[in-house]
Amino acid sequence: LWNLGQALVDAQNNYGVNALLSLGVAINESGWGKLGVSQITNNVFGMGAVDSMPEGADKFDKVSDSVVGFAKNFISRG
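So, a few notes on the structure that sits alongside this text.

What counts and how
Residues numbered from 1 in each chain as written. Predicted model: local features only at pLDDT ≥ 70, side-chain atom pairs only at ≥ 80, totals over all residues. Heavy atoms only, no water. Axes fitted to C-alpha atoms, helices over the stretch in contact; angles between N-to-C directions. Helix = DSSP H or I, 4+ residues; strand = E, 2+ residues; numbered from the N terminus. Parallel < 35°, antiparallel > 145°, perpendicular 65-115°, else oblique. Left-handed = near helix turned anticlockwise from the far one by under 90°. Contact = heavy atoms within 4.5 Å. Core = buried A, V, L, I, M, F, W, Y, C linked by side-chain atoms within 4.5 Å. Buried < 20%, exposed > 50% of the residue type's maximum accessible area, 1.4 Å probe, protein only.

### Description of the packing of helix α1 (residues 5-15) against helix α2 (residues 19-30)
It is at 8 Å that the axes of α1 and α2 come closest, and there the two elements cross at 130 degrees. Taken together, α1 and α2 sit at an angle that is classed as oblique. Between α1 and α2 lies a crossing of right-handed hand. Mapping the contact onto sequence places L8, V9 and Q12 in α1 and A19, S22 and L23 in α2.

### Considering the nonpolar core
Nonpolar side chains in soluble globular proteins tend to be buried together. Counting 13 residues, the largest nonpolar core has L4, L8, F45 and V67 as its most contacted members. Where this core is concerned, the elements lending two or more residues are α1, α2 and α4 (63-75). With residues up to four places along the chain from it excluded, the contact list for F45 reads S22, V25, A26, E29, S66, V67 and F70.

### Observations concerning the environment of Q6
Residue position: Q6 is located in helix α1. With 35 residues separating them in the primary sequence, Q6 and T41 have C-alpha atoms 20 Å apart.

Structure representation (structure tokens):
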């Protein structure tokens, strides 16, 4: 979750999703960004993952892309 602050604030400004709420979800879903699946997929929100198959999580080029995906598609629906 290092250096993610600007992406969280940008998502807040663009999609109206509170940056601290997003950070809290990311912390919870990714174990502070340390869970292997979140590191492999750059997905700190667990989007697309299920407990029985976490490797099925949506994949992103950068962690900041998962912030946008979370804010735009999962919370505000664009």
